[in-house]
Amino acid sequence: MSTFTMALLEDGVDVVIASDLSSIISLLDKEVRNFSCAGHGYSLTPGKGTVGARWQMMVKSVNLAGGKAAPCPLGRIELEKQEDGSVQFKIPPRAEQKVPEAQETDPDGRLFGSFIYQTINVLKRHQLIDLPGELPTE
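The notes below deal with the structure included here. (Residues numbered from 1 in each chain as written. Predicted model: local features only at pLDDT ≥ 70, side-chain atom pairs only at ≥ 80, totals over all residues. Heavy atoms only, no water.)

Of regular secondary structure, the protein possesses four helices and five strands. Each helix and strand of the protein, ordered N terminal to C terminal, gives the series α-β-α-β-β-β-β-α-α. With the principal axes as the frame, the protein shows a C-alpha extent of 40 × 35 × 25 Å. Counting every position in the protein, which comprises 138 residues, the buried fraction comes to 43%. (Helix = DSSP H or I, 4+ residues; strand = E, 2+ residues; numbered from the N terminus. Buried < 20%, exposed > 50% of the residue type's maximum accessible area, 1.4 Å probe, protein only.)

Put into structure tokens, the structure is as follows:
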């Protein structure tokens, strides 16, 4: 695992996106099903939320050969509508995720790190964030 991946897992991701909450949720729902890493795909399952204001999604790995989602999440995404209508997009640091099983199912963070990279790349492709290039996903 690269040093940058370790930093992302340790520090998390926190950006404000100039879009509405439902558009971001729809975008993630559409795009995440196409993500893959090392024979695994990903699924998002809803967590706690407040309709129209705050949403939390759990990220699970899915074995592409068997099609079964792992019972324990790798981590979570938090989306929160801001006063100006934008959305705060946050992937909390792994230590704050309160998902102890994540360390057991993805001990080196490779799957979750790839998920984060692929998510950032989607945000860039849809011109929701500005980056000089795409991030490597494997």
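Pairing between side chains of opposite charge can happen when their charged atoms approach one another. Under the defined criterion, the tally for this structure stands at five salt bridges. Note that Arg33 is salt-bridged to Asp29, the shortest N-O span being 3.6 Å. Residue classification places Asp29 among the partly exposed residues on the basis of a relative accessible area of 49%. (Salt bridge = Lys/Arg side-chain N within 4 Å of Asp/Glu carboxyl O.)

It is worth spelling out the packing of aromatic side chains at this point. Pairs of aromatic rings are described using the distance from one ring centre to the other and the angle between the two planes. The tally for this structure, following the rule as stated, stands at four aromatic pairs. Between Phe112 and Phe115, the aromatic rings sit 6.1 Å apart at their centres with planes inclined by 5 degrees, giving stacked as the arrangement. Placement of the pair is Phe112 and Phe115 together in helix α4 (residues 110–125), with a separation of three residues, close to one helical turn. Pair check on accessibility: Phe112 and Phe115 agree, each one buried. Aromatic rings pair up to connect Phe35, Tyr42, Phe112 and Phe115 into one cluster. (Phe/Tyr/Trp six-rings, centres within 6.5 Å; stacked < 30°, edge-to-face > 60°.)

Attention now goes to helix α2 (residues 21–32). Given a rise of 1.5 Å per residue, twelve residues ought to cover 16 Å, and the 16 Å separating the end C-alpha atoms of α2 matches this to within 8%. Listed in full, the buried residues belonging to α2 are Leu21, Ile24, Leu27, Leu28, Glu31 and Val32. Projected onto a plane normal to the axis of α2, the buried residues spread over an arc of 130 degrees and lie on a single side. (Expected span 1.5 Å × (residues − 1). Arc of directions from axis to C-beta.)

Turning to the side chain of Ser86, a few remarks are in order. Mapping Ser86 onto the fold places it in the loop between β4 (75–81) and β5 (87–91). Setting aside anything within four residues of it in sequence, one finds Ser86 in contact with Val16, Ile17, Ala18, Ser19, Glu80 and Lys81. (Contact = heavy atoms within 4.5 Å.)

Core analysis: the largest hydrophobic core is formed by 30 residues, its most contacted members being Tyr42, Ile77, Leu79 and Phe89. Listing elements by their share of this core, those giving two or more residues are α1 (3–11), β1 (13–17), α2, β3 (54–63), β4, β5 and α4. Among the elements that line this core, the one with the most residues is α4, at eight residues. (Core = buried A, V, L, I, M, F, W, Y, C linked by side-chain atoms within 4.5 Å.)

Let's shift gears to the packing of α2 against α4. In the contact formed by α2 and α4, the axes pass within 11 Å of each other and the chain directions differ by 120 degrees. In terms of orientation, α2 and α4 fall into the oblique class. Considering only the axes of α2 and α4, their crossing is right-handed. Contacts between α2 and α4 pair Leu27, Leu28, Glu31 and Val32 from the former with Phe115, Thr119, Val122, Leu123 and Arg125 from the latter. For the contact of α2 with α4, the class distribution of residues is six nonpolar, one polar and two charged. (Axes fitted to C-alpha atoms, helices over the stretch in contact; angles between N-to-C directions. Parallel < 35°, antiparallel > 145°, perpendicular 65-115°, else oblique. Left-handed = near helix turned anticlockwise from the far one by under 90°. Nonpolar A, V, L, I, M, F, W, Y, C, P; charged D, E, K, R; others polar.)

A word on the side chain of Thr119. The topology assignment puts Thr119 in helix α4. Residue Thr119 is classed as buried on the basis of its relative accessible area of 1%. Of note is the side chain of Thr119, whose polar atom sits 2.8 Å from the backbone oxygen of Phe115. Once residues lying within four places of it in the same chain are set aside, the contact partners of Thr119 are Leu28, Phe35 and Phe89. (Polar contact = N/O pair within 3.5 Å; in protein donor to acceptor, adjacent residues only side chain to side chain.)

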